[in-house]
Number of protein chains: 2
Amino acid sequence: MDAISGAIATEPCQLTAAEAAALIRNKELSCEELVRSCLARVDSRDADVRAWLWLDPDHALRRARELDKLPVKGPLHGLPFGVKDIIDTFDYPTTHNSPIYDGARVGRDAACVAIVRGAGALILGKTDTVEFASGGRKALTRNPYNFAHTPGGSSSGSGAAVGDFHVPLAFGTQTGGSHIRPASFNGIYGIKPSWSLLSREGVRMSSITLDTVGWYSRSVDDLILVGSAYRLAEDDTPVAVKGLRVGLCRSPAWDAIEPAGTAALETAAKRLGDTGAIVEELVLPAPFDRLLEAQNTIVTAEGGVSFLPEYTNAFALLAPDLRAKVENEITREALLAAYAVADACRPVFDGMFGTSLDVVLTPSAPGEAPLGLHTTGNAIFNRMWTLLHVPCVNIPACRGPLNLPVGVTLVGPRLTDARLLAIAKAVAPVIDTDPKAGLRDLWTLP
Amino acid sequence: MDAISGAIATEPCQLTAAEAAALIRNKELSCEELVRSCLARVDSRDADVRAWLWLDPDHALRRARELDKLPVKGPLHGLPFGVKDIIDTFDYPTTHNSPIYDGARVGRDAACVAIVRGAGALILGKTDTVEFASGGRKALTRNPYNFAHTPGGSSSGSGAAVGDFHVPLAFGTQTGGSHIRPASFNGIYGIKPSWSLLSREGVRMSSITLDTVGWYSRSVDDLILVGSAYRLAEDDTPVAVKGLRVGLCRSPAWDAIEPAGTAALETAAKRLGDTGAIVEELVLPAPFDRLLEAQNTIVTAEGGVSFLPEYTNAFALLAPDLRAKVENEITREALLAAYAVADACRPVFDGMFGTSLDVVLTPSAPGEAPLGLHTTGNAIFNRMWTLLHVPCVNIPACRGPLNLPVGVTLVGPRLTDARLLAIAKAVAPVIDTDPKAGLRDLWTLP
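Structural notes, computed from the coordinates.

### Details of the overall build of chain A
Item 1. Secondary structure assignment for chain A yields 15 helices and 11 strands.
Item 2. A compact globule built from 446 residues should have a C-alpha radius of gyration of about 22 Å, and chain A, at 20 Å, falls within 12% of that.
Item 3. Projected onto its principal axes, the C-alpha coordinates of chain A cover approximately 60 × 55 × 40 Å.
Item 4. In chain A, which comprises 446 residues, the proportion classed as buried is 66%.
Item 5. Intrachain contacts of chain A at a sequence separation of at least 6 include 79% that bridge at least 24 residues.
Item 6. Carbon and sulfur atoms provide 54% of the accessible area of chain A, an area that totals close to 15,000 Å².
Item 7. Mean positive and mean negative side-chain charge positions of chain A (42 and 50 charges, respectively) differ by 2 Å.

Listed below in structure tokens is the structure:
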């Protein structure tokens, strides 16, 4: 710890993924050194943070030594990933934080995991999650910036593990706001890609229309690096912040905003404006007001379908709120109406981009991470975008009155994820003016 | 075999699922007797039919004896199921008929399997399939009515196993026409439910927008019986064929029809009309002409996403046509346009029902099962309905010039599966005028 001075990364676990990958490629850092550093960080912090449900240090070190002997497999060679425990891995149990699947092993990687492994990634372990990412038990994970606060959810462990420098990269998922909200609360970067862009095979299903796999990191470069494994071609068209047309969208959920959320959004907008971006209020047309209700209808009705196996076979061990999904009384008409609202809004939103709009700027959460672990915060600023199937990127923006991180979300039209990442790369240095804050704050904590 | 006379079922494997379930419930038949009879049928036929990729008679008999000792678990107690080998089962390998997954075991049931097990079903084994239900290798399965002909695909083994009396019930899947077409070619009943009605968790993903799990049987009662395990509430509103408003839909694919397909459709329509149904031609409006192309665009683009793990990690063992999906050059605009066509047509189709239409009657396939195992036939009459997310039921209608079965499809609006099954139950005796044909023909074959 003495080696840290002026928040300059000198321990390997403090590196971003792109920094570590470059050092590994140049033989200036071994995979084993990186994993040892990550494991030491976990060791010193996880009694408090509790990000991990399963970690096997010996297995991870063995794998790191194997990777050190191999030629570079791909862009993620040797980079440690956390995997939300609703995502299958062949070598660890997948419990969904459910007593039904305590210790259950599947023996097959989820698609998202198999692909990063193929690119050289090292799966460090499984991170805690809200039960099935849907209800029931909360994760035991705590916010690394203040253990009395939630790290958000349902991707609680993955968000905290990346925020607290246990791993440079991790997988989360989003059905409502489970991926972007924890990114905001833990002061990290995260992308929830367009629906259908990335296979969700081997990821516990909650809602077929909504569930989306995303990833976390501590820089936009790292988001792009992981994207390359998914053949998300890098967008080389230059992006200038000067002249960038930004739609400031307070969204139909604006009533739920808190002062810290307003401050983050307006700070980000002002910084962009000061740098030459053209920031204008974007008010969505009336049908968009119905998206929140539609998302709720779909997540309930499709959740009923998804939890029927456990309802049938393990009723006593299924959480009451998940049983209630199976017993929902949503009518066919209501579900079809919800699908119709989404079907109608998606192309309208896509069509807003082009001549007068490059990117949407909108809140990632109402404000700072709430106090207590009985809640994971409010997904109201995320749910609409999930249903729209559009890509979202969280950018850390500032700190709130409790010195907890608050982020903002960039949104693009469907299936322009590479372009959105290119825009995020250009605007991140403008919005995230203190990128070393986490490094500084989390190493000086007791 | 001597016991068979006049095509009356006297061996347990000849029973429908509903018949067997009633006998088991009344202790007039044991689960073990039923499984022994099924295994004997497999033993005598499968060297030719080749429906099964994995069968463990000892395991199945053990499970049957366990079920005989238990109180009746549910409506499917003791009923043997075949499971298409892209669907996970905890006790057998799941190979997807791919060399990449030779002998691979997952250790967890797919949702559809877990639910029927909870209702007492017995999983007899895994049935052959087109590789990943998508391309590459064909199943080795042959049509039980003529071994020189295809049983259809990709649910080849499941269709043939039910048609040839190896099991009363089996799971298939449909992304294009993989479930309904084999039902037609094997002279059996099958339902492809509405998309999102039944969890597809644990079923190999090919296209998230299209993949749908269905089941096969030899009667409508059996389709309803399995549906009850999925909480598909039975529709008690009486259905009279007299006055039933049937839309005879030749569909935008009509150019592909063969004489046997025309005969099946017109025979079914005539029988319905003669029984008092009001059969009128239904011509779909112009946008529906674009559904076939849209389905092709979606299956290719989403297939590229689904096969990226194997492309990344097992390129040499991935079939060239599946590699080509990953390398597809479908643009964002083309994929979004395909989604838009489907989004626009779905509510239009749903809206046709009600005041002047109760059910659509349409071909299940161009005609009889084609000669040879190099093809599984043409899915052109199924693909549009799969993309529309509507429920489809195959009803055997007649024999073609080669004495091979030809079916017709009943279609209802989205999420009216229980109603469609009730209609199917009423019209099946009218359309399927020789329900014992399979029993008679397949037992007198050499």
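### Remarks on the relation of the copies chain B and chain A
The second copy of the chain is related to the first by a rotation about an axis and a shift along the axis.
Item 1. Least-squares fitting of chain B to chain A yields an RMSD of 0.0 Å, with the transformation described by 0.0 Å of translation along the axis and a rotation of 180°. Here the two chains are linked by the operation of a two-fold rotation axis. If distances are taken from each C-alpha of chain B to the rotation axis, the shortest is found for Val106 of chain B, at 2.6 Å.
Item 2. Interface overlap between copies is the fraction of interface residues in one copy that are interface residues in the other; for chain B against chain A it reaches 100%, indicating a shared surface.

### Comments concerning the sheet that holds strand 7 (residues 245-248) of chain A
One key point about sheets: their strands pair by backbone hydrogen bonds, in either a parallel or an antiparallel sense.
Residue and element names in this part refer to chain A.
Item 1. With mixed pairing, 11 strands are arranged side by side in an open sheet as 1-3-2-4-6-5-10-11-9-7-8. The sheet is open, and its two edges are formed by strand 1 (52-55) and strand 8 (278-281), each paired on a single side. Averaged over all pairs of adjacent strands, the angle between strand axes in this sheet comes to 30°, irrespective of strand direction.
Item 2. Inspection of the sheet shows strand 1 paired to strand 3 (residues 122-127) by 3 bridges, in the antiparallel sense. Across the sheet, Trp54 pairs through a bridge with Lys126, a residue of strand 3.

### Let's talk about the side chain of Thr297 of chain A
All names here are of chain A.
Item 1. Within the secondary structure, Thr297 sits in helix 9 (residues 291-306).
Item 2. Look at Thr297 and you get buried, because its relative accessible area is 14%.
Item 3. Look past the residues within four positions of Thr297 in its chain and what remains in contact with it is Ile330, Ala334, Leu335 and Ala338.

### Thoughts on the interface of chain B and chain A
Item 1. Counting residues at the interface gives 45 residues for chain B, matched by 45 residues for chain A.
Item 2. Counting each side, the surface lost to burial between chain B and chain A is near 3,700 Å², with a carbon and sulfur contribution of 60%.
Item 3. Where chain B meets chain A, there are 4 salt bridges.
Item 4. In this structure, the salt-bridge partner of Arg108 of chain B is Asp88 of chain A, at a minimum N-O distance of 2.6 Å.

### A look at helix 12 (residues 332-351) of chain B
In an α-helix, one full turn covers 3.6 residues, which means residues spaced three or four apart are oriented alike.
Item 1. In a regular helix each residue adds 1.5 Å, so 20 residues correspond to 28 Å; helix 12 of chain B covers 29 Å between its end C-alpha atoms and thus fits that length.
Item 2. The set of residues buried in helix 12 of chain B consists of Leu335, Leu336, Ala338, Tyr339, Val341, Ala342, Asp343, Cys345, Arg346, Phe349 and Asp350 of chain B.
Item 3. Turning to helix 12 of chain B, the residues buried within the fold contact helix 12 (332-351) of chain A together with helix 9 (291-306), strand 9 (359-363), helix 13 (383-388) and strand 11 (405-411) of chain B.

### Describing the packing of helix 8 (residues 259-274) of chain A against helix 14 (residues 417-431) of chain A
Residue and element names in this part refer to chain A.
Item 1. Between helix 8 and helix 14, the shortest axis-to-axis distance is 9 Å and the interhelical angle comes to 105°. As far as their axial angle goes, helix 14 and helix 8 are roughly perpendicular. Along its contact with helix 8, which presents Ala268, Arg271 and Leu272, the element helix 14 presents Val427, Val430 and Ile431.
Item 2. Classifying every residue of the contact of helix 8 with helix 14 by side-chain character gives 5 nonpolar, no polar and 1 charged.

### Some words on the sheet that holds strand 11 of chain B
Residue and element names in this part refer to chain B.
Item 1. The sheet built from 11 strands is open, its strands ordered 1-3-2-4-6-5-10-11-9-7-8 with mixed pairing. Bordering the open sheet on either side are strand 1 (52-55) and strand 8 (278-281), each of which pairs with just one other strand. Neighbour-to-neighbour, the strand axes of the sheet open up by a mean angle of 30°, direction not taken into account.
Item 2. In this sheet, strand 4 (residues 169-174) lies alongside strand 2 (residues 80-84) in parallel orientation, the contact comprising 3 bridges. When the sheet's bridge partners are listed, Phe81 is paired in strand 4 with Leu169.

### A word on the pairing of strand 3 of chain A
Residues and elements named next belong to chain A.
Item 1. Among the 6 residues in strand 3, 6 count as buried, and that is most of the element.
Item 2. Relative to strand 3, strand 2 (residues 80-84) is paired through 5 bridges, and the arrangement is parallel. Within the sheet, the bridge partner assigned to Val83 lies in strand 3 and is Lys126.
Item 3. A crossover links strand 2 with its parallel partner strand 3, the connecting element being helix 4 (residues 111-118), and its sense is right-handed.

### A short note on the packing of helix 1 (residues 17-25) of chain A against helix 7 (residues 220-229) of chain A
Residue and element names in this part refer to chain A.
Item 1. The contact between helix 1 and helix 7 brings their axes to 7 Å, and the two run at 65°. On helix 7, the residues that touch Ala17, Ala18 and Ala21 of helix 1 are Asp221, Asp222 and Leu225.
Item 2. Residue composition of the contact of helix 1 with helix 7, grouped by class: 4 nonpolar, no polar and 2 charged.

### Description of the pairing of strand 4 (residues 169-174) of chain A
Residues and elements named next belong to chain A.
Item 1. Of all 6 residues in strand 4, 6 are buried, a share of seventy percent or more.
Item 2. Of the two faces of strand 4, the one lined by Leu169, Phe171 and Thr173 and the one lined by Ala170, Gly172 and Gln174 are each fully buried.
Item 3. Looking at chain direction, strand 4 and strand 6 (residues 212-217) are connected through 5 bridges and run antiparallel. By the bridge assignment for strand 6, Thr173 is matched with Val213.

Rules behind the numbers
- Starting afresh in each chain, residues are numbered from 1 along the sequence in its written order.
- Ligands are numbered from 1 and chains lettered from A, in the order in which they are written.
- Confidence filtering applies because this is a predicted model: local features only for residues at pLDDT of at least 70, side-chain atom pairs given and counted only at 80 or more, and all residues used for totals across whole chains, interfaces and linings.
- As a rule here, side-chain values cover all heavy atoms of the structure and leave hydrogens and water aside.
- Numbering of helices and strands runs from the N terminus, with a helix taken as a DSSP run of H or I at least four residues long and a strand as a DSSP run of E at least two residues long.
- Each radius of gyration reported is based on C-alpha atoms, and the globular scaling rule is 2.2 Å times the count of residues to the power 0.38.
- Remark: exposure states derive from per-residue accessible area (1.4 Å probe, protein chains only) relative to the maximum for the residue type, with buried under 20%, exposed over 50%, and partly exposed in between.
- Any two residues whose heavy atoms approach within 4.5 Å are treated as being in contact.
- What sets the accessible areas is the Shrake-Rupley method with a 1.4 Å probe; for residues, cover comes only from the shown protein chains.
- Charge counting follows a simple rule: Lys and Arg are positive, Asp and Glu are negative, and His as well as the terminal groups are ignored.
- In this description, the location of a charge corresponds to atom NZ of lysine, CZ of arginine, CG of aspartate or CD of glutamate.
- In superposing the copies, a least-squares fit is computed on C-alpha atoms, taking residues whose pLDDT is at least 70 in both.
- Strand pairing requires that DSSP identify at least two bridges connecting the strands.
- Helix axes are fitted only over the stretch in contact, all axes being lines through C-alpha atoms; the angle between N-to-C directions runs from 0 to 180 degrees.
- Accessible area that two parts lose when put together, evaluated with a 1.4 Å probe and summed over both, is termed the buried area.
- Salt bridges are counted wherever a side-chain nitrogen of Lys or Arg sits within 4 Å of a carboxyl oxygen of Asp or Glu.
- Take the residue count of a helix, subtract one, and multiply by 1.5 Å to get its expected span.
- Roughly parallel refers to an angle under 35 degrees, roughly antiparallel to one over 145, roughly perpendicular to one between 65 and 115, and oblique to any angle outside these ranges.
- Three residue categories are used. Nonpolar comprises Ala, Val, Leu, Ile, Met, Phe, Trp, Tyr, Cys and Pro, charged comprises Asp, Glu, Lys and Arg, and polar comprises the others, including Gly.
- Handedness is read with the strands pointing away from the viewer; a crossover is right-handed when the path from the first strand over the helix to the second is clockwise.

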